[in-house]
Amino acid sequence: MPEPTPAQRAIGDFAPKLVQLTDDVLFGDVWKRTELPARDRSLITVASLITSSSFEQLPNHLRLARQNGLTETELKEAIIHLAFYAGWPKAMSAIQVAKTIFAEDQ
């Protein structure tokens, strides 16, 4: 068996770790675990989507955040705080998406 490369020694065999992460997130119960409340997981996901410019996924996750108990005001405040990290254009776009989502029920 060949000697592991420096990168392999540093990170180990990442394939099983990647498979486990994929199973947990995509096919597992990660969204039902009680260690972190659903509203916090939703807020973290929304923040991640905004900072990564994944606006195509944002509407569904904003709906889920609303179902998990986050209010429009809480989400808008969180998005405004993100503006300093994600940039004002992304934050303002996200606020417009949030307004649209919360207007659906009215």
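Residues numbered from 1 in each chain as written. Predicted model: local features only at pLDDT ≥ 70, side-chain atom pairs only at ≥ 80, totals over all residues. Heavy atoms only, no water.

### Quick word on the environment of Ile-95
Note on placement: Ile-95 falls in helix H6 (residues 88-103). For Ile-95, a relative accessible area of 8% corresponds to the buried category. C-alpha of Ile-95 to C-alpha of Glu-72: the two residues are 23 residues apart in sequence and 9.4 Å apart in space. (Helix = DSSP H or I, 4+ residues; strand = E, 2+ residues; numbered from the N terminus. Buried < 20%, exposed > 50% of the residue type's maximum accessible area, 1.4 Å probe, protein only.)

### What about the packing of helix H3 (residues 38-51) against helix H4 (residues 58-67)?
It is the contact of H3 with H4, at a shortest axis distance of 9 Å, that shows an interaxial angle of 160°. Classified by the angle between their axes, H3 and H4 sit roughly antiparallel to one another. Of the two elements, H3 crosses H4, and the hand of that crossing is left-handed. Facing Ser-42, Thr-45, Val-46, Leu-49 and Ile-50 of H3, the residues of H4 in contact are Leu-58, His-61, Leu-62, Leu-64 and Ala-65. Across the contact of H3 with H4, the residue classes tally to 7 nonpolar, 3 polar and no charged. (Axes fitted to C-alpha atoms, helices over the stretch in contact; angles between N-to-C directions. Parallel < 35°, antiparallel > 145°, perpendicular 65-115°, else oblique. Left-handed = near helix turned anticlockwise from the far one by under 90°. Contact = heavy atoms within 4.5 Å. Nonpolar A, V, L, I, M, F, W, Y, C, P; charged D, E, K, R; others polar.)

### With respect to the packing of helix H5 (residues 72-86) against H6
At their nearest, the axes of H5 and H6 sit 7 Å apart, and the two run at 165° to each other. Judged by the inter-axis angle, H5 sits roughly antiparallel to H6. Of the two possible hands of crossing, H5 and H6 adopt the one that is right-handed. Contact residues: H5 offers Glu-72, Leu-75, Lys-76, Ile-79, Ile-80, Ala-83, Phe-84 and Ala-86, while H6 offers Trp-88, Lys-90, Ala-91, Ala-94, Ile-95, Ala-98, Lys-99 and Phe-102. Residues that form the contact of H5 with H6 fall into these classes: 12 nonpolar, no polar and 4 charged.

Just geometry here; none of it tells us what the structure is for.
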